[in-house]
Amino acid sequence: MIIIKLVIVAIISYLLGSCNFGVIISKSLKKGDIRESGSGNAGTTNMMRTYGKTLGILTIIGDIVKVFVAIWLAFKIMSVEETKMIFDRISDNPQYVLKSFAGLFAVAGHIFPCFFKFKGGKGVATSGGMVIMIDWRIALILFAIFVLTILITRYVSLGSIIMAVLYPVFMGLFHKDAGLVIISLVFTLIVVTAHRENIKKLINHTENKIGSKNKKA
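These figures come from a predicted structure and were not determined experimentally.

Novice: If you had to explain a nonpolar patch on the surface to someone new, which residues and values would you point to?
Specialist: Residues Met48, Ile57, Ile60, Ile61, Val65, Val69 and Trp72 make up a contiguous nonpolar surface patch of about 580 Å² in total accessible area. Element by element, the count of residues in the nonpolar patch is highest for helix H4 (residues 53–77), at six residues. Overall, isoleucine 61 belongs to the partly exposed group, its relative accessible area being 44%.

What follows is the structure, given as structure tokens:
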């Protein structure tokens, strides 16, 4: 029964993640598909560059809130006792593992949305929403690093990659839990892999900077 509940959490989280707000907003308000404009990415940065700050902000809010809902529903489906029973061997903080589990499938849905032909965003905002739910202190530090990186380099992608790389580091420093560090490394791998084209462009000095005219990826 617990396994069935866990499968239900995974399915619901994936479906929520598949509600990609960049695509939803661009199609409903602009009668276009954000994936066919600018960099071709269905994320906040491309939304801001293509349709302006207001729709960009609405996109990031939607992509963060959906993982909040996924995690909230996960704890409605799984009791504290059931969470401990299934995740206690993995980590000393089984509730954090459940949050990460729901977050993982929400991020997977965001990157590979079943509602939009499996072509979505890069999972940064959705992963960020999960980090907020796990530990707001880490989320705040990572956000500060993200902003500082952008101010110095003007590369949003670089800020996103640095945040992803530092996430397991801060999880280890704050919680000293090997299980949580290993799980957080999965998110690092997902986000960095989703940014593989950006990494190539950063190396070749062809990546778009904030304030520059966006190019089709």
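Text resumes after the structure shown.
Novice: How would you summarise the side chain of glutamate 82 if you had to cite specific residues and measurements?
Specialist: Among the structural elements, glutamate 82 can be located in helix H5 (residues 80–87). Judged by relative accessible area, glutamate 82 falls into the buried class, the value being 13%.

Novice: So what's going on with the environment of isoleucine 11? Which residues, and what values?
Specialist: You can see isoleucine 11 is positioned in helix H1 (residues 2–17). Residue class for isoleucine 11 comes out partly exposed when judged on its relative accessible area of 47%. Put simply, isoleucine 11 and phenylalanine 105 are 94 residues apart on the chain and 7.6 Å apart in space, counted from C-alpha to C-alpha.

Novice: So what about the packing of helix H2 (residues 21–29) against H4? Which residues, and what values?
Specialist: Relative orientation of the contacting elements H2 and H4 amounts to 135 degrees, with a least axis distance of 8 Å. On the basis of the axis angle, H2 is oblique to H4. Crossing hand, H2 versus H4: right-handed. On H4, the residues that touch Phe21, Gly22, Ile25 and Leu29 of H2 are Leu55, Leu58, Thr59, Gly62, Asp63 and Lys66. For the contact of H2 with H4, the residue count by class is five nonpolar, three polar and two charged.

Novice: With reference to specific residues and values, describe the pattern of salt bridges.
Specialist: Scanning all chains against the criterion turns up six salt bridges. In this structure, aspartate 63 and lysine 66 form a salt bridge, with 3.2 Å as the shortest nitrogen-oxygen distance. Note that aspartate 63 and lysine 66 are positioned in helix H4 at a spacing of three residues, about one turn of the helix. In the salt-bridge network here, residues are joined through shared partners; they are Lys27, Asp33 and Arg35.

Novice: Describe the environment of lysine 84, and please don't skip the residues or the numbers.
Specialist: When you line up the elements, lysine 84 lands in helix H5. Spatially, the C-alpha atoms of lysine 84 and valine 97 are 9.6 Å apart, while their sequence positions differ by 13 residues.

Novice: How would you sum up helix H10 (residues 178–194)? Please name residues and give values.
Specialist: With 17 residues, H10 should reach 24 Å at 1.5 Å per residue; the first-to-last C-alpha distance of 25 Å fits that figure. Every buried residue belonging to H10 is among Gly179, Leu180, Ile183, Ser184, Phe187, Thr188, Val191 and Ala194, and all of these are buried. Summarising the contacts, the buried residues of H10 are in contact with helix H6 (94–111), helix H7 (124–134), helix H9 (156–175) and helix H11 (196–203). For H10, the N-terminal cap is aspartate 177; the gap from its side-chain oxygen to the backbone nitrogen of glycine 179 is 2.9 Å.

Novice: Before we move on, can you summarise the side chain of aspartate 33 with the specific residues and values?
Specialist: With respect to the secondary-structure elements, aspartate 33 resides in the loop between H2 and helix H3 (44–51). One polar contact links aspartate 33 to arginine 35, side chain to side chain, over a distance of 2.7 Å.

Parameters at a glance
- Residues numbered from 1 in each chain as written.
- Predicted model: local features only at pLDDT ≥ 70, side-chain atom pairs only at ≥ 80, totals over all residues.
- Heavy atoms only, no water.
- Patch = residues over 30% accessible without salt bridge, like charges linked within 9 Å, V, L, I, M, F, W, Y side chains within 5 Å.
- Areas by Shrake-Rupley, 256 points an atom, 1.4 Å probe, with all protein chains shown as cover.
- Salt bridge = Lys/Arg side-chain N within 4 Å of Asp/Glu carboxyl O.
- Helix = DSSP H or I, 4+ residues; strand = E, 2+ residues; numbered from the N terminus.
- Buried < 20%, exposed > 50% of the residue type's maximum accessible area, 1.4 Å probe, protein only.
- Axes fitted to C-alpha atoms, helices over the stretch in contact; angles between N-to-C directions.
- Parallel < 35°, antiparallel > 145°, perpendicular 65-115°, else oblique.
- Left-handed = near helix turned anticlockwise from the far one by under 90°.
- Contact = heavy atoms within 4.5 Å.
- Nonpolar A, V, L, I, M, F, W, Y, C, P; charged D, E, K, R; others polar.
- Expected span 1.5 Å × (residues − 1).
- Polar contact = N/O pair within 3.5 Å; in protein donor to acceptor, adjacent residues only side chain to side chain.

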